[in-house]
Amino acid sequence: THMHPDHMGLAGYLAPLFGVEVWASLSDWTYGRMLALDGGEAFMDVHVDFFHRAGLTGPDMDLVYERGNSYAKRAMAPPPSFHRLIGGHRLAIGGQNWRLIEGNGHSPEHISLYNPERNILISGDQVLPKISPIVSVWPQEPKADPLTQFMASLDSFADIPDDVFVLPSHGLPFKGLKTRLAQLRTHHDQRLDDTRTATQTPATVMEVLRVLFPKASDPNDVLFACTETIAHLHRLMTLGEIKWEAGPDGLDRYLKT
Ligand SMILES: [Zn+2]
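Just so it is clear, the model here is predicted, and its values are computed rather than measured.

Colleague: How should I be thinking about unusual backbone geometry in this particular structure?
Modeller: With the exception of glycine, the majority of residues adopt a negative phi angle, and the majority of peptide bonds are in the trans configuration. Positive phi values are uncommon outside glycine, yet Asn119 reaches one of about 55 degrees. Relative to the helices and strands, Asn119 resides in the loop between β5 (110–115) and β6 (120–124). You can call Asn119 buried: its relative accessible area is 19%.

What follows is the structure, encoded as C-alpha cells:
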C-alpha cells in the first residue's frame, strides 16, 4: 500500500528471496528507495534547519541528530525495478478484480484496494479503525500541505458501501466505513479549531504543538507531533486564515490574517 518502513521496509529483502516483483505506486516506490539510499550530509542539514525553525530545543533537538536518516536505518531499499500501480486502475488477483484507490497526505501516493464483488476494502493506513493516520510535513517538502490532500482523499471512498468489510493495516477489521470517514474529518476539524485558537497571536510551531498535543513529552512523540502540527498550520494557510513570518530569532511564526 505505501512506503512507510512498517509496510514496505522488507520488500527489498522478500522480493529476491521469493523471486517476486514489488507492486506499488510510482511515488511511494521512488520515495522509499530515495530515503533508503540517501546518505548525504545535506539530508541532516535540511532536517536540523527544519526542526530548529519549528522551535525544537534540548532533548527534542538531540533526537533529530540521533535519528539521522531513521528510514535508512530501519528499512531496506525496495528493489531497483518494480511494477507500477495507478489509482483508478483495476487489478486482477486470483480471478478477483480489485479497484485501486489513490490516497494522499499520509504517504505520497498510498494505494488502497477495493473488491466490489466481495465488498472488501484493503484500506492500508489511509483509513484506520482506532487511530488517525499520521499526516505530516517533513523537511524534504517543508511547504507541503498534506492535510488538504488527506481530507480530499477521504472523498475517494465516498462511493463505497457503508457495509464494506474494511481490512486496515493496523488494528482489527471493521464495518462502518462512512462513520469512520466522518470521525476522521471531525478529528482534523477539531485540531484545526485548536490551531486557530493557538494562532490568535504570533506563535511558533512548538507553541501551537503545546495546545494541540498537551501530553506530548517524550522526544519521539514531540517530533511526530511537530510534523503534524505543521500540517495543520499549512492547511489553515491554504485556507487563507493564517500567515507565516520569520521571527528575528530565526524561528517561524504563524498568526491569523
Ligand atoms: Zn503508514
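Colleague: For this particular structure, what's the right way to read the coordination of the zinc ion?
Modeller: As a benchmark, a tetrahedral metal site with four donors has ideal angles of 109.5 degrees, while an octahedral site with six donors has ideal angles of 90 or 180 degrees. Here the zinc ion is held by His2 (NE2), His4 (ND1), His106 (NE2) and Asp125 (OD), and the distances to it run 2.1 to 2.2 Å. One can describe the site at the zinc ion as irregular: its 4 donor atoms subtend angles covering 91 to 173 degrees at the metal.

Colleague: Where do I start with helix α9 (residues 205–212) in this structure?
Modeller: What sets the pattern is the α-helix's 3.6 residues per turn: residues three or four places apart point alike. Along α9, the residues classified as buried are Val205, Met206, Val208, Leu209 and Leu212. Looking down the long axis of α9, one finds its buried residues gathered within 160 degrees of arc, a one-sided arrangement. The secondary structure elements touched by the buried residues of α9 are α4 (41–54), α5 (58–67), α8 (177–198), α10 (219–238) and β9 (252–256).

Colleague: Looking at this structure, how should I read a nonpolar patch on the surface?
Modeller: Taken together, Leu10, Tyr13, Leu14, Leu17, Phe18, Val20 and Met76 make up a surface patch of nonpolar side chains, about 700 Å² in accessible area. Turning to its location among the elements, Met76 is positioned in the loop between α6 (70–74) and β2 (83–85). Note on Met76: relative accessible area 39%, which makes it partly exposed.

Colleague: I'm lost on helix α3 (residues 26–37) in this one. Help?
Modeller: Helix length check: α3, at 12 residues, gives a terminal C-alpha distance of 16 Å against a target of 16 Å (1.5 Å per residue), a fit within 8%. Among all positions of α3, only Asp28, Trp29, Gly32, Leu35 and Ala36 are buried. Each buried residue of α3 sits inside an arc of 140 degrees when the element is viewed along its axis, so together they form one side. Those residues of α3 that are buried are in contact with α1 (5–8), β1 (23–25), α4, α6 and β5.

Colleague: Honestly, the sheet that holds β5 in this entry has me stumped. Any pointers?
Modeller: The strands that make up a sheet are held in pairs by hydrogen bonds between backbone atoms, and each pair lies either parallel or antiparallel. Taken together, the 5 strands give an open sheet; going across it, the order is β3-β4-β5-β6-β7, and neighbouring strands pair in mixed fashion. This sheet does not close on itself; its edge strands, each paired only once, are β3 (90–93) and β7 (165–168). Across the sheet, the mean angle from the axis of one strand to that of its neighbour is 30 degrees, orientation sign disregarded. Bridge count for β5 against β6 is 3 bridges, and the pairing is antiparallel. Counted as the bridge partner of Tyr114 is Leu121 from β6.

Colleague: Explain the pairing of β5 here, please?
Modeller: Across a regular strand the side chains alternate sides, sitting on one face of the sheet and then on the other. With 6 of 6 residues buried, β5 is to be regarded as a mostly interior element. On β5, burial covers both faces: His110, Ser112 and Tyr114 on one face and Ile111, Leu113 and Asn115 on the other are all buried. Summarising the sheet, strand β4 (residues 96–103) and β5 pair through 5 bridges and their orientation is antiparallel. Its bridge partner lying in β5, Leu100 is registered against Leu113. The antiparallel hairpin formed by β4 and β5 contains 6 residues in its connecting segment, where Gly105 sits at a positive phi of about 100 degrees.

Colleague: Got a minute to help me understand the side chain of His4 in this structure?
Modeller: Mapped onto the elements, His4 comes out in the segment before α1. Within the structure, His4 has its side chain in polar contact with the side chain of His2 (distance 3.1 Å).

Colleague: Looking at this model, I keep getting lost on the side chain of Gln126. Mind explaining?
Modeller: Inspection of the secondary structure puts Gln126 in the loop between β6 and α7 (146–154). From its side chain, Gln126 meets the backbone oxygen of Asn104 in a polar contact 3.3 Å long. If we ignore the near neighbours within four places in the chain, the residues touching Gln126 are Gly103, Asn104, His106, His110, Ser112, Pro133, Phe150, Ser153, Phe157 and Leu184.

The rules behind each value
Along each chain, numbering runs from 1 in the same order as the chain's sequence is written. Owing to the predicted nature of the model, reporting of local features is limited to residues with pLDDT of at least 70; listing and counting of side-chain atom pairs is limited to 80 or more, with chain, interface and lining totals taken over all residues. Based on all heavy atoms of the structure, the side-chain values leave hydrogens and waters out of the count. Where helices and strands are cited, they refer to DSSP runs of H or I of at least four residues and of E of at least two residues respectively, numbered from the N terminus. Whether a residue is buried, partly exposed or exposed follows from its accessible area with a 1.4 Å probe, protein chains only, as a fraction of its type maximum: under 20%, in between, or over 50%, in that order. With water excluded from the atoms, a metal site may look incomplete; its donors are any N, O or S atoms within 2.8 Å, or within 3.2 Å for Na, K and Ca. Angular criteria define each label, namely tetrahedral for four donors with all angles between 85 and 135 degrees, square planar for four and octahedral for six donors with opposite donors over 155 degrees apart and remaining angles between 65 and 115, and irregular for whatever fails these tests. The arc in question is the one traced by the directions running from the helix axis out to the C-beta atoms. We call two residues in contact whenever any of their non-hydrogen atoms come within 4.5 Å of each other. Patch membership requires more than 30% relative accessible area and the absence of a salt bridge. Residues of like charge join within 9 Å; the nonpolar side chains Val, Leu, Ile, Met, Phe, Trp and Tyr join within 5 Å. Residue burial considers only the protein chains on display, and all accessible areas are found by Shrake-Rupley using a 1.4 Å probe. The salt bridge definition used is simple: a Lys or Arg side-chain nitrogen within 4 Å of an Asp or Glu carboxyl oxygen. Between the first and last residue of a helix there are one fewer steps than residues, each counted as 1.5 Å, and that sum is the expected span. DSSP calls a pair of strands paired once it identifies at least 2 bridges connecting them. Angles here are taken between N-to-C directions and fall from 0 to 180 degrees, while the axes themselves are lines fitted to C-alpha atoms, restricted in helices to the stretch in contact. A 3.5 Å cut-off defines polar contacts: any pair of N or O atoms within that distance qualifies, except that in protein one atom must be a possible hydrogen donor and the other a possible acceptor, and neighbouring residues in sequence count only when both atoms are side-chain atoms.

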